[in-house]
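An overview of the molecular structure
Letter by letter, the chains look like this.
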Amino acid sequence: MGLFSGLLGNAGAVDQAQLIKDYGKLLTPNESIELGFKLIRDTFIFTNKRLILVDKQGITGSKVEYLSITYKSISRFSIETAGTFDLDAELKIWISSEVQPSIRKQFNKSVDVYEVQKVLAQHVLG
């Protein structure tokens, strides 16, 4: 992911081995990481059991919040693909019966947003 994309808030794919090294301690037995994306300092991870959002806070990023969202609590989601002149694609996720999306993430063009949608659909739809 380039610096320009990072500054714009676009997410780029993260190597699975790096995700396991950095966040393996968050996993339960029989849980595995399928995909992960980095957004400046924050990361979000799709496992076979849940979605984990890693939010680094503060100037130094030493304070970290780990938010786990079970796939069954996701009521709907959408993807918006990047157009010819767009720099990014967007993923929106609604939790339970909320009116507005609970989660919004933007991806740079290096991320196959259809693959992201496919993994999410496999888990949400059952």
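Every value quoted in this text rests on a predicted model; they were computed, and no experiment measured them. (Residues numbered from 1 in each chain as written. Predicted model: local features only at pLDDT ≥ 70, side-chain atom pairs only at ≥ 80, totals over all residues. Heavy atoms only, no water.)

**Re the overall build of the protein chain**
Going by this rule: Put simply, DSSP marks the helices as runs of H or I at least four residues long and the strands as runs of E at least two long, and each gets a number from the N terminus on. Throughout this description, buried means an accessible area under 20% of the type-specific maximum (1.4 Å probe, protein chains only), exposed means over 50%, and partly exposed covers the range between. Whether two residues touch is decided by their heavy atoms; if any such pair falls within 4.5 Å, the residues are in contact. Only the protein chains shown count as covering a residue, and every accessible area follows the Shrake-Rupley method with a 1.4 Å probe.
When you go through the protein chain residue by residue, the secondary structure sums to three helices and eight strands. Along the chain direction, N to C, the helices and strands of the protein chain fall in the order α-β-α-β-β-β-β-β-β-β-α. A total of 126 residues make up the protein chain; the buried ones form 38% of that total. Sequence-distant contacts, at least 24 apart, represent 38% of the contacts inside the protein chain between residues at least 6 apart. Per element, the accessible surface of the protein chain, about 7,400 Å² overall, is 54% carbon and sulfur.

**A few points about the side chain of Lys-105**
As a reminder, the rule being used: In summary, the charge assignment counts Lys and Arg as positive and Asp and Glu as negative, without counting His or the chain termini. When a carboxyl oxygen of Asp or Glu lies within 4 Å of a side-chain nitrogen of Lys or Arg, that pair is called a salt bridge.
Structurally, the position occupied by Lys-105 is in strand β8 (residues 103-108). Buried within the structure, Lys-105 lacks any salt-bridge partner; Asp-42 is the closest side chain of opposite charge, at an N-O distance of 5.3 Å. Excluding its chain neighbours within four sequence positions, the residues that come into contact with Lys-105 are Leu-39, Phe-44, Leu-53, Ala-89, Glu-90 and Leu-91.

**Looking at the packing of aromatic side chains**
Rules: Pairs were defined over the aromatic rings of Phe, Tyr and Trp, the Trp ring being its six-membered one, requiring ring centres within 6.5 Å. Orientation was assigned from the angle between planes: stacked under 30 degrees, edge-to-face over 60, tilted for the rest.
This model, assessed by the stated rule, comprises three aromatic pairs. Each ring, one from Phe-37 and one from Phe-46, has its centre 6.4 Å from the other, and the planes form 85°; the classification is edge-to-face. With respect to burial, Phe-37 and Phe-46 carry one shared label: buried. Ring centres 6.3 Å apart and planes at 70° place the aromatic pair Phe-44 and Phe-46 in the edge-to-face group. The class for Phe-44 is buried, based on a relative accessible area of 2%.

**A word on the pairing of strand β4 (residues 50-57)**
The two faces of a sheet get side chains in turn, since along a regular strand they alternate between them. Under the convention used in this document: Only strands joined by at least two bridges in the DSSP assignment are considered to pair.
Across four bridges, the pairing between strand β3 (residues 42-47) and β4 is antiparallel. What sits directly across from Phe-46, in β4, is Leu-51. Two successive antiparallel strands, β3 and β4, enclose a turn made up of two residues. Strand direction decides the pairing type here: β4 and strand β5 (residues 63-70), joined by eight bridges, are antiparallel.

**Focus: the pattern of salt bridges**
Here the structure, examined in full by the defined rule, presents two salt bridges. A salt bridge links Arg-104 to Glu-90, with the nearest nitrogen and oxygen atoms 3.5 Å apart. Of this pair, Arg-104 sits in strand β8 while Glu-90 sits in strand β7 (residues 88-95); the two residues are 14 residues apart in sequence, bridging distant segments of the chain.

**Structural notes on the confidence of the model for the protein chain**
The line we're drawing: Residue-level confidence of the predictor, termed pLDDT, takes values from 0 up to 100.
When pLDDT is averaged across the protein chain, the result is 84; 88% of the residues are at 70 or more. Least confident of the elements in the protein chain is helix α1 (residues 3-7), whose mean pLDDT is 41; most confident is helix α2 (residues 16-23), at 94. With pLDDT under 50 throughout, residues 1-9 is counted as low confidence; its partners more than four residues away or in other chains account for 17 contacts.

**Concerning the side chain of Lys-92**
Locating Lys-92 in the fold gives a position in strand β7. When residues no more than four places from it in sequence are discounted, the contact partners of Lys-92 are Arg-76, Phe-77, Ser-78, Pro-101, Ile-103 and Arg-104.

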